[in-house]
Amino acid sequence: MSEDLLHGGALDHMRARFPDAPEPWLDLSTGINPWPYPNTDISLAALARLPTEADYRACQSAMATAIKAPEDTIVLAPGSELLIRLLPEIIDARRIAILSPTYGDHYPVWHNIGTNILQTRSPLDAVETSEVIIICNPNNPDGHVFPIDILNQARERLAARGGWLVVDEAYGDLYAEQSLAAQGGSDGLLILRSFGKFFGLAGLRLGGLIAPAGLCDVVKHHLGTWPVSGAALEIGARAYADAAWQTNTRKKLADASVRLKTVIETSSLKLIGGTHLFQYVETDCAHALWEHLARHGIYVRRFDWSDKHLRIGLTANAEEEARLAAALNLLK
């Protein structure tokens, strides 16, 4: 399978595949904040010594305050992608239901161990026949949001049978009011959080799991003594504590999302969903459009399961917006 079909961000492969594309490339494939958290200075101590428990606790506490989760329900990790791969190791299930379409890493980690998997647009309907239900909220790539009260009802029904509701809140920092983090530690609830998308520092590799105490202990055992780098802990603690930056950034992303929608709506694409970090569009021959944009040095997200859909991330400035609009308008 082509590297770009697995994930966005494979810019090295794109350059090799389209060597004549104009530079610099415009990478809109990842759904990551194009204006990263700026205060990223790292102390020498964070690099020269092993991370301490105090370092870990400082980041954990700042994250808990920012997302309004009980502090002792959070386990920090080097990104939420690793936590997704650990899920079959920490919870048992013979039958699971996974929202579809959704983030692509959830399905294979369960499929590879022979789990009976139902992929469906309505996974909560399978609450009585599944031991684990996995959703992204808001969903990637279409931005669908499940109401908190509906999720709670599903969690309670699963927990009564020893099951789990797994909620991947990779984009949860965009919409705090839609998060289940405040209920962290509840029976049958496991939440995954990502740092890199909202804060724009995906390469830092920082994320978190929110779960009941017993499951937290199991995850800590799997992650080992120093699961997160000192640099990630230091910058993470600072960024999570910067409430003003977070508030301003939510507004900035919302405004940029409106501008991206305008670019899309004036093209031949049909806007059918998204979040404040990306838009989800429908078009005939999406893979051909993806290649057209790539030949113009613009990298958007395509999917192996559809030739009708693309996901387009935020542009960082007016010049990038104009470049995207110009490439799309060539198709009219």
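Everything below is about the structure shown above.
On a predicted model such as this, the values are computed, not experimentally measured, just so you know. (Residues numbered from 1 in each chain as written. Predicted model: local features only at pLDDT ≥ 70, side-chain atom pairs only at ≥ 80, totals over all residues. Heavy atoms only, no water.)

Quick look at the overall build of the protein chain
What the protein chain contains, in helices and strands, is 13 helices and 13 strands. Projecting the C-alpha coordinates of the protein chain onto the three principal axes gives extents of approximately 55 × 50 × 35 Å. Per-residue burial for the protein chain yields a buried fraction of 53% across its 332 residues. A sequence separation of at least 24 residues applies to 70% of the contacts in the protein chain between residues at least 6 apart. Of the roughly 14,400 Å² that the protein chain leaves accessible, carbon and sulfur atoms contribute 52%. (Helix = DSSP H or I, 4+ residues; strand = E, 2+ residues; numbered from the N terminus. Buried < 20%, exposed > 50% of the residue type's maximum accessible area, 1.4 Å probe, protein only. Contact = heavy atoms within 4.5 Å. Areas by Shrake-Rupley, 256 points an atom, 1.4 Å probe, with all protein chains shown as cover.)

A word on the sheet that holds strand β8 (residues 207–210)
Pairing in this open sheet of 7 strands is mixed, and the strands run β2-β8-β7-β6-β5-β3-β4 from one edge to the other. Each end of this open sheet is capped by a strand with a single partner; those strands are β2 (74–77) and β4 (116–120). Looking at each pair of strands side by side, their axes are set apart by 15 degrees on average, direction ignored. Summarising the sheet, strand β7 (residues 189–194) and β8 pair through 4 bridges and their orientation is antiparallel. Bridge pairing in β8 links Ile191 to Ile210. (Pairing = 2+ DSSP bridges. Axes fitted to C-alpha atoms, helices over the stretch in contact; angles between N-to-C directions.)

Things to note about the sheet that holds strand β12 (residues 301–303)
Reading across the sheet, the 4 strands line up as β9-β10-β13-β12 and stay open at both edges, with antiparallel pairing between neighbours. The open sheet has two edge strands with one neighbour each: β9 (270–275) and β12. When the angles between neighbouring strand axes are averaged without regard to direction, this sheet yields 25 degrees. Inspection of the sheet shows strand β10 (residues 278–282) paired to strand β13 (residues 306–313) by 5 bridges, in the antiparallel sense. Residue pairing for β13: Phe278 is matched across the bridge by Gly313. Strand contacts of helix α11 (residues 243–265): β9, β10 and β13, with the helix running at about 20 degrees to β10, the strand carrying the most contacts.

Observations regarding the state of the cysteines
Cysteine pairs can be covalently joined through their sulfur atoms, and such a bond is termed a disulfide. As enumerated under the stated definition, the model contains 0 disulfides in all. Take Cys59: it sits in no disulfide, and the sulfur closest to it among the cysteines is that of Cys216, at 15 Å. Taking relative accessible area as the criterion, Cys59 reaches 0% and is therefore assigned buried. (Disulfide = S-S within 2.5 Å.)

Some words on the packing of α11 against helix α13 (residues 318–329)
Look at α11 against α13: their axes get within 9 Å of each other, and the N-to-C directions meet at 20 degrees. When the axis of α11 is compared with that of α13, the two are roughly parallel. Of the two elements, α11 crosses α13, and the hand of that crossing is right-handed. Mapping the contact onto sequence places Arg259, Leu260 and Val263 in α11 and Glu321, Leu324, Ala325 and Leu328 in α13. Split into classes, the residues belonging to the contact of α11 with α13 amount to 5 nonpolar, no polar and 2 charged. (Parallel < 35°, antiparallel > 145°, perpendicular 65-115°, else oblique. Left-handed = near helix turned anticlockwise from the far one by under 90°. Nonpolar A, V, L, I, M, F, W, Y, C, P; charged D, E, K, R; others polar.)

Quick look at helix α10 (residues 230–241)
Here α10 spans 17 Å end to end across 12 residues, near enough to the 16 Å set by a 1.5 Å rise per residue. Here α10 lies mainly inside the structure; 9 of its 12 residues are buried. Every buried residue of α10 is accounted for by Gly230, Ala231, Ala232, Leu233, Ile235, Gly236, Ala237, Ala239 and Tyr240. For α10, the elements touching its buried residues are α3 (44–48), α4 (53–67), β2, α8 (196–199) and α11. (Expected span 1.5 Å × (residues − 1).)

So, helix α12 (residues 286–295)
Taken together, the buried positions of α12 are Ala286, Leu289, Trp290, His292, Leu293 and Ala294. Along its buried surface, α12 packs onto α1 (3–6), α2 (11–17), β11 (298–299), β12, β13 and α13. Positive phi shows up at Gly297, right after α12, with a value of about 75 degrees.

Quick look at the side chain of Thr120
Tracing the chain through its elements places Thr120 in strand β4. Classification of Thr120 as buried rests on a relative accessible area of 18%. Polar contacts involving the side chain of Thr120 include one to the main-chain amide nitrogen of Ser122, which spans 2.9 Å. With residues up to four places along the chain from it excluded, the contact list for Thr120 reads Ile98, Leu99 and Ser100. (Polar contact = N/O pair within 3.5 Å; in protein donor to acceptor, adjacent residues only side chain to side chain.)

Considering the nonpolar core
The biggest cluster of nonpolar side chains holds 105 residues, and the ones touching the most others in it are Trp110, Leu190 and Ile312. In this view, Ile312 contacts Leu28, Leu260, Ile264, Leu269, Phe278, Gln279, Val281, Val300 and Leu324; residues no more than four positions away in its chain are not counted. (Core = buried A, V, L, I, M, F, W, Y, C linked by side-chain atoms within 4.5 Å.)

A closer look at the packing of aromatic side chains
Each aromatic ring pair is described using two quantities: the centre-to-centre distance and the angle formed by the ring planes. Using the criterion set out here, one finds 13 aromatic pairs in the structure. Between Phe18 and Trp25, the ring centres sit 6.4 Å apart and the planes meet at 55 degrees, which makes this aromatic pair tilted. An identical accessibility class is assigned to Phe18 and Trp25; each is buried. A ring pair is formed by Tyr37 and Trp245, whose centres lie 5.1 Å apart and whose planes are at 90 degrees; its orientation type is edge-to-face. Separated by 208 residues along the polypeptide, Tyr37 in the loop between β1 (26–27) and α3 and Trp245 in helix α11 bring together distant segments of the chain. Across the pair, Trp245 and Tyr37 agree in class, each one buried. Aromatic ring contacts, followed pair by pair, group Tyr37, Phe195, Phe198, Phe199, Tyr240 and Trp245 into a single cluster. Sitting above the plane of the Phe278 ring, Arg311 keeps its charged end 5.2 Å from the centroid. (Phe/Tyr/Trp six-rings, centres within 6.5 Å; stacked < 30°, edge-to-face > 60°. Lys NZ or Arg CZ within 6 Å of the ring centre and 35° of its normal.)

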